[in-house]
Amino acid sequence: PTTVIVKYNGELAKTDLYILSIGINSYKNPAYNLDYAVNDSKAIVKSLEDGADSLFNSVKTYSLLNSKATKANILETIAEIKGEIGSEDVFMFYYAGLGVMSNEVAPKEPEFFIVTHDVTNLYYTPEVIREKAIFASDLMQISKNIIAEKQLFIIDACHSVGAIESFAVRGSEREKALAQLARNTGTFFLTAAQDAEFANEVGELNHGLFTYALLEVLQGTVRIDGDTKITVSELKAYVEERVPELSEEYHGSPQYPTGYSFGRDFPIVILK
């Protein structure tokens, strides 16, 4: 064996947090309007900015709200982030708004999609909707193209578990490859509702239930194990237990969030 000594005098790469946050209250078709998605989006960003300053070198936020939340703008913003983000950085994608399963005809399987601002009819053919909406397969491609080794996707929308089902195709070549990288990387999906459920908004809370539960942790209202370091796995475990409690208390209809992950857990904020 040969010994090679390498001396490096430069500065070590610093870790930055990149957040793309999307919230839609006002749709082009007013029949689809929501009350608290924009508030959810803004609150998540503020909580992360407040808790991440001691953990990350910088927090870079990109917000697309209401009429700005179109497929073209989302993909353009992703391309901008892709051009800047490094492998040592953390990428977070947050969406609050409508989510729907497509009406595919057999043998094709229905696929979850994010309802962007200018989708005016949820019952168009999937081919027409694909021109304007962000499908689960698009999210998969976004994750694939972003080189950050730590990624978090949070989707506060109806039927959002459909995104996970589309992403986690067992036995696929992508999953096998990701498993090989799992020692050093971590990618997490947290979603608000199962595919037969609705993501509930509550006027008393001014938030969707799922995001409200996330904020309880990110804002330090609830301390997990008395620790100030909040990891993604801790977030996932808390919302899976807390959201059913909130839905029973405020809405009466069941809502069970779920998640999918591979690789290592990683911290997202340090509480003050």
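Preceding block: the structure.
Sequence order sets the numbering: in each chain, residues are counted from 1 along the sequence as written. Given that this is a predicted model, residues contribute local features only at a pLDDT of at least 70 and side-chain atom pairs are listed and counted only at 80 or more, while totals for whole chains, interfaces and linings are drawn from all residues. Water and hydrogen atoms were dropped before computing side-chain values, which therefore reflect all heavy atoms in the structure.

Q: I'd like a description of the overall build of the protein, backed by residues and values.
A: Put simply, DSSP marks the helices as runs of H or I at least four residues long and the strands as runs of E at least two long, and each gets a number from the N terminus on. Counting secondary structure elements, the protein contains eight helices and 13 strands. For the exposure calls, accessible area comes from a 1.4 Å probe over protein chains only, and a residue counts as buried if that area is under 20% of its type's maximum, exposed if over 50%, partly exposed in between. Across the 272 residues in the protein, those meeting the buried criterion constitute 52%. Here, two residues are considered to be in contact whenever any of their heavy atoms come within 4.5 Å of each other. By sequence separation, contacts in the protein at least 24 residues apart represent 76% of the contacts at least 6 residues apart. Residue exposure ignores everything except the shown protein chains as possible cover, and the areas themselves are Shrake-Rupley values with a 1.4 Å probe. Total accessible area on the protein is roughly 13,100 Å²; 50% of this is exposed by carbon and sulfur atoms.

Q: Could you give an account of the packing of aromatic side chains, with specific residues and numbers?
A: For Phe, Tyr and Trp, rings pair up if their centres lie within 6.5 Å, where Trp contributes its six-membered ring, and each pair is then called stacked (planes under 30 degrees apart), edge-to-face (over 60) or tilted (otherwise). Per the stated rule, a full pass over the model turns up six aromatic pairs. With centroids separated by 5.9 Å and ring planes inclined at 75°, the aromatic side chains of Phe 91 and Phe 153 adopt a geometry described as edge-to-face. Within this pair, whereas Phe 91 is found in strand β3 (residues 90-96), its partner Phe 153 is found in strand β7 (residues 150-156), the two being separated by 62 residues in sequence. With respect to burial, Phe 91 and Phe 153 carry one shared label: buried. Among the aromatic residues, ring-to-ring pairing joins Phe 91, Phe 93, Phe 153 and Phe 189 into one connected group.

Q: For the pattern of salt bridges, give the residues involved together with the corresponding values.
A: Salt bridge, as applied in this entry: a Lys or Arg side-chain nitrogen positioned within 4 Å of an Asp or Glu carboxyl oxygen. Applying the stated criterion across every chain yields a total of seven salt bridges. Close ionic contact of Lys 236 with Glu 240 constitutes a salt bridge, the shortest N to O distance being 3.1 Å. Of this pair, Lys 236 and Glu 240 both sit in helix α8 (residues 232-250), four residues apart, which is roughly one turn of the helix. Linking Arg 242 and Glu 245 is a salt bridge whose minimum nitrogen-to-oxygen distance equals 3.4 Å. Separated by three residues within a single helix, Arg 242 and Glu 245 lie in helix α8, roughly one turn from each other. Classification of Glu 245 as partly exposed rests on a relative accessible area of 40%. What emerges from the salt-bridge pattern is a single network uniting Glu 216, Arg 242 and Glu 245.

Q: Help me get a handle on the side chain of Thr 231, residues and values and all.
A: Counting through the fold element by element, Thr 231 comes out in strand β11 (residues 229-231). A relative accessible area of 10% places Thr 231 in the buried class. Those residues in contact with Thr 231 that lie beyond four places of it in its chain are Asp 265, Phe 266, Pro 267 and Ile 268.

Q: Quick rundown of the sheet that holds strand β4 (residues 99-101)? Include the residues and the values.
A: Here, strands pair whenever DSSP counts at least two bridges between them. A sheet is described by the order of its strands in space; here three strands give the open sequence β4-β5-β6, paired in antiparallel fashion. At either end of the open sheet lies a strand with only one pairing partner, and these are β4 and β6 (134-135). Summarising the sheet, β4 and strand β5 (residues 112-114) pair through three bridges and their orientation is antiparallel. Paired with Val 100 across the strands is Phe 113, a residue of β5.

Q: A description of the sheet that holds strand β12 (residues 258-263) should follow, citing residues and the corresponding values.
A: Here six strands make up an open sheet; going across it, the order is β2-β1-β3-β7-β8-β12 and the pairing mixed. The two strands at the open ends of the sheet, each matched to only one other strand, are β2 (58-65) and β12. Mean inter-strand twist for the sheet, computed between neighbouring axes without regard to direction, equals 10°. Bridging between β7 and strand β8 (residues 186-191) involves six bridges; their strand directions are parallel. Considered in β8, the bridge of Ile 154 is made with Leu 190. Axis lines are fitted to C-alpha atoms, over the contacting stretch for helices. Their N-to-C directions set the angle, which ranges from 0 to 180 degrees. Against the sheet, helix α1 (residues 37-52) engages β1 (16-23), β2, β3 and β7, with an angle of about 170° to β1.

Q: I'd like a rundown of the pairing of β1, residues and numbers included.
A: Among the eight residues of β1, eight are classified as buried, and the element is accordingly described as predominantly covered. The two faces of β1 match: Asp 16, Tyr 18, Leu 20 and Ile 22 on one face and Leu 17, Ile 19, Ser 21 and Gly 23 on the other face are all buried. The pairing of β1 with β3 spans seven bridges and is parallel. Across the sheet, Tyr 18 pairs through a bridge with Phe 91, a residue of β3.

Q: Which residues make up the packing of α1 against helix α7 (residues 209-218), and what values do they have?
A: With their axes 10 Å apart at the nearest point, α1 and α7 run at an angle of 15° to one another. Considered as vectors, α1 and α7 are oriented roughly parallel to each other. Crossing of α1 against α7: the hand is left-handed. Along its contact with α1, which presents Asp 40, Ala 43, Ile 44, Ser 47 and Leu 48, the element α7 presents Thr 211, Leu 214, Leu 215 and Leu 218. Polar here means any residue other than Ala, Val, Leu, Ile, Met, Phe, Trp, Tyr, Cys and Pro, which are nonpolar, and Asp, Glu, Lys and Arg, which are charged; Gly is therefore polar. The residue makeup of the contact of α1 with α7, split by class, is six nonpolar, two polar and one charged. Orientation labels follow simple angle bins: below 35 degrees gives roughly parallel, above 145 gives roughly antiparallel, 65 to 115 gives roughly perpendicular, and whatever is left gives oblique. Left-handed is the label given to a crossing in which the near helix is rotated counterclockwise from the far helix by less than a right angle, and right-handed is the label when the rotation is clockwise.

Q: Lay out the environment of Thr 70 in plain terms, naming residues and giving numbers.
A: Looking at where Thr 70 falls in the secondary structure, it is placed in the loop between β2 and α2 (71-84). Taking the C-alpha atoms as reference, Thr 70 lies 7.7 Å from Ala 133; in sequence the two are 63 residues apart. What Thr 70 contacts, discounting residues up to four positions off in sequence, is Thr 116 and Asp 118. Polar side-chain contacts of Thr 70 include one of 3.2 Å to the backbone nitrogen of Asn 73. Nitrogen and oxygen atoms within 3.5 Å of one another constitute a polar contact, given that in protein one can donate a hydrogen and the other can accept it, and given that sequence-neighbouring residues count only through two side-chain atoms.

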